[in-house]
Amino acid sequence: MANELNKNLSLSGLTMIAIGSCIGSGIFLTPSEIATHLPSSGPILLVWILGGVIALTGALTFAELGGIFTGTGGVYVYLKEAYGPLVAFLYGWISFTVISTGAIAALMLAFARYVDYLLHVGSGGVRIIGLAGIVVVTVINIFGVKLGEYFAKIFTGLKLAGIFFIVAAGAWFFFNSGSIASSFSVRGFQSSSFALALVGVLWSYGGWHHASYLAGEAVNPERTVPRAMLLGTIVVVITYLLTNLSYLFLLPVEDIAGSSAVAADAVGVIFQKGGVFVALLIAISTFGTAGIYTLSAPRIYFAMANDGIFFKQLSKVHPRWKTPVNAIIAQSVWAIVLLIFWSTFENLISYVVFMDILFMTLAGTSIFIFRKKHPGVNRPYRVFAYPLTPLIFITISVWFLAFTLAGKPAQAWAGIAMAAAGVLIYYFFKKKN
């Protein structure tokens, strides 16, 4: 049919999308901000472990949901089935206005800054490169989901190879020097500081659920989607813990806190040209992740438009490439607006993470609703240690939201205000239809 998407995404492609959606700018840019909140190596590792617990329990929970609901839209579909069209619309609206577009803008801002590190293009050139990057990934993803899969595999493979280089450098330094730069200690820290440090961690871990958005284009989605989310999350957790250990092997915590390019400075301890190599790695990584977000998130708006609660034009499928072309273009246009008008990477990620975790928590609680409402439905995968696993995910997420609301009120309330505006938009479309 003219308005149907192709179903040709493989398990390996979806897994690379899940990994690539997580590993972007965070592991290279947020460790210095985290070290300013936490005073020693012990709490730093602990906050990354806690982020891994949130990601793994979330992936285990969402794996069951992904096996039940195999249509395009992922989290949007789970929320619609559990809470009704209003909550689902608000997630799609916030994804369009805050989460996905804000992430693309932040990633392209990081990409352009590291291109500037390599080529010295100046502040004006940074903005032009960021805008041009959004245009490039938009064009790539219009030309078919299979091209987007190849793009995800290539760039995710390159960034994993580069991270392996950082981990290997830390291991080499440790085994050859017999000492480490950071003393491993656990000094006192406040729970509020821990929660603020968790903002950067959750930004880094966020994205594994993007595989669910593409369920409608996957081969055997009831099995492929859950496996991709789980495999991708496990790879990311292991990667992040090893990378942070390498940073701590190579740099004292004080130097990590004061660094604007911690990965480059860490590798530079061993290799003089390490900074140039890592800057190139970060540019590749952030560009690749922005491309994956440009591929996955428009499927939400496509699903909303098909449901009659968003602009009908966004349900258009390209007659040749079979991609939601208008949804991709609309998302990229708004990402360009955010890149132009938001000033800092840190403000963007706080704005994005608060609203993302809020809706992820709602989606996680839906598993209890579906277990009660549809006990006999076919579940290709059942969440491990139910109900403990989803309860861990939900409890830690609620704790994080409470502290972020207190510690980053401007960004949190800006997201809430955008959600309130979405309620009015929803009733406009409901009345129109």
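Chemist: I keep staring at the packing of helix 5 (residues 85–119) against helix 15 (residues 325–341) and nothing clicks. Help me out?
Modeler: Packed helix pairs are characterised by how far apart their axes lie and by the angle those axes make with each other. Following both chains from N to C, one finds helix 5 and helix 15 inclined at 65°, their axes separated by 8 Å at the closest point. Considering only the axes of helix 5 and helix 15, their crossing is right-handed. Here helix 5 contributes Phe96, Thr97, Ser100, Thr101, Gly102, Ile104, Ala105, Met108 and Leu109 to the contact with helix 15, which in turn contributes Ala330, Gln331, Trp334, Ala335, Leu338 and Leu339. Looking at side-chain class alone, the contact of helix 5 with helix 15 contains 10 nonpolar, 5 polar and no charged residues.

Chemist: What exactly am I supposed to notice about the pattern of salt bridges here?
Modeler: Pairs can form between side chains of opposite charge once their charged atoms are near each other. Tallied over the entire structure, the rule returns 3 salt bridges. Between Glu64 and Arg371 there is a salt bridge, with its nearest N and O atoms 2.9 Å apart. Of this pair, Glu64 sits in helix 3 (residues 41–68) while Arg371 is found in helix 16 (residues 345–373), placing the two residues 307 residues apart along the sequence. We note a salt bridge from Glu64 to Arg379, for which the minimum N-O separation is 2.9 Å. Of this pair, Glu64 sits in helix 3 while Arg379 is found in the loop between helix 16 and helix 17 (388–407), placing the two residues 315 residues apart along the sequence. Pair check on accessibility: Glu64 and Arg379 agree, each one buried.

Chemist: What am I meant to see in unusual backbone geometry here?
Modeler: Comment: phi is negative for the bulk of residues other than glycine, and the bulk of peptide bonds are trans. In this chain, Tyr386 is followed by Pro387 through a cis amide linkage whose omega measures 5°. For Ala385, which is not glycine, the phi dihedral falls at a positive 55°. When you line up the elements, Ala385 lands in the loop between helix 16 and helix 17.

Chemist: Any chance you could explain the environment of Ser366 here in plain terms?
Modeler: Relative to the assigned elements, Ser366 resides in helix 16. It is 36 Å that separates the C-alpha atoms of Ser366 and Ile340, two residues lying 26 residues apart in sequence. Contact partners of Ser366, with chain neighbours within four places excluded, come to Leu65, Tyr78, Ala82 and Tyr83.

Chemist: What's the story with helix 15 in this structure? I'm lost.
Modeler: Along an α-helix, residues three or four apart share an orientation, since each turn contains 3.6 residues. The end-to-end C-alpha distance of helix 15 is 25 Å, a good match for the 24 Å that 17 residues give at a rise of 1.5 Å each. Of the positions making up helix 15, those classed as buried are Val325, Ala327, Ile328, Gln331, Ser332, Ala335, Leu338 and Leu339. For helix 15, the angular spread of buried residues about the axis comes to 160°, placing them on one side. Residues of helix 15 that are buried make contact with helix 5, helix 6 (122–142), helix 13 (274–296) and helix 14 (298–306).

Chemist: Would you explain the packing of aromatic side chains in this entry?
Modeler: Any pair of aromatic rings gets described here by the distance separating the centres and the angle formed by the planes. The final tally for this structure, using the stated rule, is 25 aromatic pairs. Residues Phe62 and Tyr78 carry aromatic rings whose centres are separated by 6.0 Å and whose planes lie at 75° to one another, so their mutual orientation is edge-to-face. Of this pair, Phe62 sits in helix 3 while Tyr78 sits in helix 4 (residues 75–83), placing them 16 residues apart in sequence. As far as burial versus exposure is concerned, Phe62 and Tyr78 are alike and both buried. Site record: aromatic cluster; members linked through ring pairs are Phe89, Trp93, Phe96, Tyr301, Phe310, Phe311, Tyr426, Tyr427, Phe428 and Phe429. Geometry around Tyr386 places Arg371 over its ring, the cationic atom sitting 3.9 Å from the centre.

Chemist: Could you clarify how one ought to interpret the nonpolar core in this entry?
Modeler: Side chains of nonpolar character tend, in soluble globular proteins, to be buried together. Within the largest apolar cluster, 143 residues are counted, with the highest numbers of intra-cluster contacts made by Phe62 and Tyr91. If one sorts the elements of this core by residue count, helix 5 sits on top with 20 residues. Sequence-distant contacts of Tyr91, that is, excluding residues within four places in its chain, are made with Val75, Tyr76, Leu79, Ile99, His209, Tyr213, Ile300, Phe359 and Met360.

Chemist: I keep staring at helix 5 and nothing clicks. Help me out?
Modeler: An ideal rise of 1.5 Å per residue puts 51 Å on 35 residues; helix 5 measures up with 48 Å between its terminal C-alpha atoms. Where helix 5 bends most, at Ser95, the angle is about 60°. In terms of residue burial, helix 5 counts as a mostly covered element, since 27 of its 35 residues are buried.

Chemist: Would you mind showing me how to read the side chain of Thr57 here?
Modeler: Locating Thr57 in the fold gives a position in helix 3. A polar contact is formed between the side chain of Thr57 and the backbone oxygen of Ile54, at a distance of 3.2 Å. Residue contacts for Thr57: discarding those within four places in its chain leaves Thr389, Ile392 and Phe393.

How each quantity is defined
- Residues numbered from 1 in each chain as written.
- Predicted model: local features only at pLDDT ≥ 70, side-chain atom pairs only at ≥ 80, totals over all residues.
- Heavy atoms only, no water.
- Axes fitted to C-alpha atoms, helices over the stretch in contact; angles between N-to-C directions.
- Helix = DSSP H or I, 4+ residues; strand = E, 2+ residues; numbered from the N terminus.
- Left-handed = near helix turned anticlockwise from the far one by under 90°.
- Contact = heavy atoms within 4.5 Å.
- Nonpolar A, V, L, I, M, F, W, Y, C, P; charged D, E, K, R; others polar.
- Salt bridge = Lys/Arg side-chain N within 4 Å of Asp/Glu carboxyl O.
- Buried < 20%, exposed > 50% of the residue type's maximum accessible area, 1.4 Å probe, protein only.
- Expected span 1.5 Å × (residues − 1).
- Arc of directions from axis to C-beta.
- Phe/Tyr/Trp six-rings, centres within 6.5 Å; stacked < 30°, edge-to-face > 60°.
- Lys NZ or Arg CZ within 6 Å of the ring centre and 35° of its normal.
- Core = buried A, V, L, I, M, F, W, Y, C linked by side-chain atoms within 4.5 Å.
- Bend = angle between axes of the 7 residues up to and from the residue.
- Polar contact = N/O pair within 3.5 Å; in protein donor to acceptor, adjacent residues only side chain to side chain.

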